[in-house]
Amino acid sequence: MTENDLLDLLSGNLLYLLGALLLIIVALKGVKIVPQSEKYVVERFGRLHSVLGPGINFIVPLLDVARHKISILERQLPNATQDAITKDNVLVQIDTSVFYRILEPEKTVYRIRDVDGAIATTVAGIVRAEIGKMDLDEVQSNRAQLISRIQESVESAVDDWGIEVTRAEILDVNLDQATRDAMLQQLNAERARRAEVTKAEGQKRAVELQADAELYAAEQTAKARRIQAEAEAYATQVVAKAIAENGLEAAQYQVALKQVESLNALGKGEGKQTILVPAHALEAFGDAFKLLKGSK
């Protein structure tokens with residue numbers, strides 16, 4: 001086949017070739033491969049027609065246009081700082097961070113222009129409102145509860161935009177210097193009060209223990225006296241029984257024995273001692289020695 005024959009063939013079939021090429025182009029335009037992390041919003045004649053999910057999708061070429069390509073990955077807003085006033089009129093600065101993702105892109109692209117700015121403004125307003133309902137101590141101690149309430153409020157506010165707030169965090173709560181100084185003074189005063197209370201409780205406990213010790217000592221003394229009294233009563237009973245059985249001589253014997261023991265105790269004293277003894281006492285000692293000798 002000569003070159004002229006080839007040109008004649010192409011010129012005769014040019015229309016068919018152009019048609020086939022157009023069909024190939026249209027077929028390629030009608031196939032949309034959407035990545036896993038995105039969704040396509042398709043318009044037909046300027047109106048919302050459908051939303052293409054991940055994978056292979058087919059549209060009508062020249063009629064349908066994938067106008068918006070929306071990422072459905074989770075996003076983080078830049079950390080924001082806003083001022084708020086607590087219920088007890090304390091000015092605080094709240095550092096917040098919000099994470100969200102787009103679930104329904106057809107709502108997002110047609111209802112809100114600046115998604116990040118709208119969410120940031122909503123979060124700032126909700127944070128100020130929630131902080132205004134709480135005292136400073138509650139803000140510091142119930143941060144988890146505050147975060148939960150903020151997240152619920154933000155989710156309710158952005159629900160019409162097809163957005164899900166996955167997480168809201170309060171990174172820090174900052175106070176001005178004057179408030180910090182006042183809180184430090186209050187903290188020091190509270191520590192001093194606790195120290196005084198602890199000291200007073202210690203003193204009270206010491207007094208209670210001292211009273212318990214004195215009570216125990218008194219009980220032991222009373223018990224000793226009772227035992228001593230019982231011993232003396234028993235001794236008296238024994239002496240009385242001896243007198244009853246042996247007559248007066250038994251009593252005289254006991255008295256003489258006590259006198260001799262007393263004399264021996266005086267003789268054992270240290271140093272030189274001078275003892276004045278009445279005459280009738282000497283006679284009594286003599287009678288005692290006689291009784292002792294007689295008993296032997």
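What counts as what
Residues numbered from 1 in each chain as written. Predicted model: local features only at pLDDT ≥ 70, side-chain atom pairs only at ≥ 80, totals over all residues. Heavy atoms only, no water. UniProt positions renumbered as here; feature names shortened; annotations may be inferred. Core = buried A, V, L, I, M, F, W, Y, C linked by side-chain atoms within 4.5 Å. Buried < 20%, exposed > 50% of the residue type's maximum accessible area, 1.4 Å probe, protein only. Helix = DSSP H or I, 4+ residues; strand = E, 2+ residues; numbered from the N terminus. Contact = heavy atoms within 4.5 Å. Phe/Tyr/Trp six-rings, centres within 6.5 Å; stacked < 30°, edge-to-face > 60°. Lys NZ or Arg CZ within 6 Å of the ring centre and 35° of its normal. Pairing = 2+ DSSP bridges. Axes fitted to C-alpha atoms, helices over the stretch in contact; angles between N-to-C directions.

Under an unreviewed UniProt entry, the protein has the name Modulator of FtsH protease HflK and belongs to Leisingera aquaemixtae. In its Subcellular location (unreviewed entry) section, the UniProt entry covering the protein states "Membrane". Turning to the protein, the UniProt record has this under Sequence similarities (unreviewed entry): "Belongs to the band 7/mec-2 family."

**Comments concerning the nonpolar core**
One finds V92, I119, I131 and I163 to be the most contacted residues of the largest nonpolar core, which totals 32 residues. For this core, the secondary-structure elements that each account for two or more residues are β8 (91–102), α4 (115–131), α5 (136–141), α6 (143–158) and β9 (163–175). Apart from the residues within four sequence positions on either side, I119 is in contact with L77, V98, Y100, V158, W161 and I163. By size, the runner-up hydrophobic cluster in this structure holds 6 residues, among which are V34, V42, I59 and A66.

**What to know about the packing of aromatic side chains**
Evaluated as defined, the whole model comprises 0 aromatic pairs. The residue whose ring lies beneath R167 is F99, and the NZ or CZ to ring-centre distance is 4.3 Å.

**Notes on the sheet that holds strand β5 (residues 64–71)**
The strand order across the open sheet formed by 3 strands is β3-β2-β5, and the pairing between neighbours is antiparallel. Every other strand in the sheet has two partners, leaving β3 (47–52) and β5 as the edge strands with one partner each. Across this sheet, the average inter-strand angle for adjacent strands is 30°, counted without regard to direction. Sheet analysis places strand β2 (residues 38–44) next to β5, joined by 7 bridges and oriented antiparallel.

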